[in-house]
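Here is how the chains run, residue by residue.
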Amino acid sequence: MKNSNLKKNSELLYYSFWFIQNVFGIKKPLINTMVILYDCNLNCKHCNIADKLKNIPEPHTMSYATAKGKMIEMYKKGARVCYFEGGETTLWKDKDRDLSNLINLAKEIGYFTIGYTTNGTNVIFEQSDVISVSLDGPEDIHDKIRTKGVFNTLMNNLKKTNHKNIFANMTISKINIDYIEETVKIASENKAIAGIMLNFITPPPDDIALTKEEKIIAIKKIKELKKKSYPILNSSKALENLKNENWQKKCPFWMSAFVLPDGSEVGGCPMKSDVSCRNCGFDAPREYYFISKGFLPTIFELTKRFALSMK
Ligand SMILES: C[S@@+](CC[C@H](N)C(=O)[O-])C[C@H]1O[C@@H](n2cnc3c(N)ncnc32)[C@H](O)[C@@H]1O
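Residues numbered from 1 in each chain as written. Predicted model: local features only at pLDDT ≥ 70, side-chain atom pairs only at ≥ 80, totals over all residues. Heavy atoms only, no water.

1. Regarding helix 6 (residues 150-159)
Every α-helix carries 3.6 residues per turn, so stepping three or four residues along brings you back to the same face.
Moving on, step 1. What helix 6 keeps buried is the set Val150, Phe151, Leu154, Met155, Asn157 and Leu158. Taken down its axis, helix 6 places every buried residue within 165° of arc, on the same side.
Moving on, step 2. Elements in contact with the buried residues of helix 6: strand 6 (130-134), helix 5 (139-145), strand 7 (166-172) and helix 7 (180-189). (Buried < 20%, exposed > 50% of the residue type's maximum accessible area, 1.4 Å probe, protein only. Helix = DSSP H or I, 4+ residues; strand = E, 2+ residues; numbered from the N terminus. Arc of directions from axis to C-beta. Contact = heavy atoms within 4.5 Å.)

Take a look at the structure:
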């Protein structure tokens, strides 16, 4: 108990110091997102990684040695949150090592919080502090986007875990815009899910991207659900700003570093390009922006929501 309080206090001190440095123009990454592989067992309708893959030079999977080197390097640069991304992260392997080895390594290096995103079709790596599972709708819609049977596999896997910090991630496109309320209810009624984060699709693909009018309607709906106390993680301010396009002018690229399988780094987001940034539908960069600006309502709202959810 004493040790965990001490740990929490030193982390809080680190974050406060990071914020003060940021105010004085010393910009250090806080989040290190490790894209450990591009391969996936699914080919979701809103994701263009599989289509792009043939044009991406090898390696498509990060080696353990590269991961270790980059995790240490990013830690030294200031990052204290380490998130594993894909592709499907749970499929990552290097000889006899799997994702659990990377999570344990991140802990040894000293990262405060370690997480990964997954489609939930594989095993759950319990040693991770946080897990994001994709949930794009009720069964028929989720499966229409992902593949038949994926919804039930996810739900069955969630039944097998006692992990306290599993959060759902919904990507809203033309396919599932009418199912926001149903999806939020599924997440809130599922004992294994502690909260849900809502994002809009970031094109490409363009054909199922949302118009500004659709975004405004979706935001109104999500705000109503927030008022009804559903466990929605998006802060009100970031949510409101999801309708604003041309977010690239505000995106704090420096705050979140992405490391790609070949060990190269991209500040902000691997989807970075004129068209994607102009139509960015990710909530996280909005949250980062308001945090970096010291916007207290966002900081309090996120702290309260995560403190309520995380055990
Ligand atoms: C790239 S996936 C990787 C993790 C895992 N394979 C999964 O499906 O959750 C991470 C998250 O990004 C979302 N995503 C994929 N393509 C997107 C896009 N074009 N715009 C916004 N989110 C997207 C997915 O729905 C998923 O929740």
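Read on, since the account is not over.
2. Some details on unusual backbone geometry
Moving on, step 1. In the segment running from Gly86 into Gly87, the intervening peptide bond is cis, with an omega of 20°.
Moving on, step 2. Checked against the element boundaries, Gly87 lands in the loop between strand 2 (81-85) and strand 3 (93-94).
Moving on, step 3. Put simply, Pro203 and Pro204 share a cis peptide bond, and its omega is 5°.
Moving on, step 4. A positive phi angle, close to 160°, is found at Thr147, a residue other than glycine.
Moving on, step 5. Mapped onto the elements, Thr147 comes out in the loop between helix 5 and helix 6.
Moving on, step 6. The exposure class of Thr147 is partly exposed, given its relative accessible area of 40%.
Moving on, step 7. Positive phi, normally seen in glycine, also occurs at Ser229, with a value near 70°.
Moving on, step 8. Checked against the element boundaries, Ser229 lands in the loop between helix 8 (212-227) and helix 9 (236-241).
Moving on, step 9. On the basis of relative accessibility, which here comes to 58%, the residue Ser229 falls in the exposed class.

3. A short note on helix 8
Moving on, step 1. In a regular helix each residue adds 1.5 Å, so 16 residues correspond to 22 Å; helix 8 covers 23 Å between its end C-alpha atoms and thus fits that length.
Moving on, step 2. Every buried residue of helix 8 is accounted for by Lys215, Ala218, Ile219, Ile222, Leu225 and Lys226. Down the axis, helix 8 shows its buried residues gathered within 120° of arc, on one side only. Residues Glu213, Ile217, Lys220 and Lys227 are exposed on helix 8 and point more than 90 degrees away from its buried face.
Moving on, step 3. Backbone geometry just downstream of helix 8 places Ser229 in the positive-phi region, at approximately 70°. (Expected span 1.5 Å × (residues − 1).)

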